[in-house]
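Listed here are the chains, written in short residue letters.
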Amino acid sequence: MQHHDQKTSSRPSLIKAVILADSLTLSNIQRALTPNDDEWGAVLTGPVWKQLRCVTNSYAVEPLRQSQVYFQATARSWLDTMISIREFGSFVTAIAHSHPGWSAAASTPSGEDIRYLSDLQKKCGSKAIGIIVTRANNDGVAYVRFYSVHVPFSVRVVGEHIEQLEKSAYEYVYRLSIPQNN
Ligand SMILES: [Zn+2]
């Protein structure tokens, strides 16, 4: 966990992954993961070229245990999704889930979120990073956090309606302002 506490660490890190996403896709992912008061999860994939790893497609995974403060996918649906992605020669670029709450702080990963991603990155050798989205408030504002435990990364988000709040080698936080249509 030494890597995660970037605020107290002055050790330079070598960026191993550059995540590229656009605000429209992130907005769609945020909406898909907040259909009700429960937490939801998804596996994200997209083109990978050298260090560049795009987030363009989202696959919902079937909940095994789910509540307003918890989401765990069934091993079967998680594996099926990973296998179908790998069969096409593609990679999982991120795993995403929603949290209750509306603030930037609400997108902070739990101890279990960190452990899960740590295992995926260290034991499975995956470069997938974690994404947590919050609910959107009445003004259509939601937060999106990208986090990593063992894979130092940077994020580039293109598009409108998004603003970067924090950045470090292991964490990027964005504010999405989702247009209120109709
Ligand atoms: Zn969580």
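As a reminder, the structure under discussion sits directly above these lines.
Residues numbered from 1 in each chain as written. Predicted model: local features only at pLDDT ≥ 70, side-chain atom pairs only at ≥ 80, totals over all residues.

J.: Just checking my understanding: could you explain the pairing of strand S13 (residues 171–177) for this structure?
T.: Remember that side chains alternate between the two faces of the sheet whenever the strand is regular. The buried fraction of S13 amounts to 5 of the 7 residues, a majority that puts the element mostly inside the structure. Sheet analysis places strand S10 (residues 141–147) next to S13, joined by 7 bridges and oriented antiparallel. Across the sheet, residue Tyr147 finds its bridge partner in S13, namely Glu171. The pairing of strand S12 (residues 162–167) with S13 spans 5 bridges and is antiparallel. Residue Ile162 lies in a different strand from S13, and its bridge partner there is Leu176. Hairpin connection between S12 and S13: a loop of 3 residues separates the two successive antiparallel strands. (Buried ≥ 20, exposed ≤ 12 C-beta atoms within 10 Å, placed from the backbone. Helix = DSSP H or I, 4+ residues; strand = E, 2+ residues; numbered from the N terminus. Pairing = 2+ DSSP bridges.)

J.: I tried to follow the environment of Val173 on my own but got confused; where do I start?
T.: Position of Val173 relative to the elements: it lies in strand S13. What Val173 contacts, discounting residues up to four positions off in sequence, is Ala104, Ser107, Tyr143, Arg145, Leu165 and Glu166. (Contact = placed C-beta atoms within 7 Å.)

J.: Could you clarify how one ought to interpret helix H2 (residues 75–87) in this entry?
T.: An α-helix turns once per 3.6 residues; consequently, residues spaced three or four apart project the same way. In a regular helix each residue adds 1.5 Å, so 13 residues correspond to 18 Å; H2 covers 18 Å between its end C-alpha atoms and thus fits that length. A positive phi of about 80° marks Gly89, the residue just after H2. (Expected span 1.5 Å × (residues − 1).)

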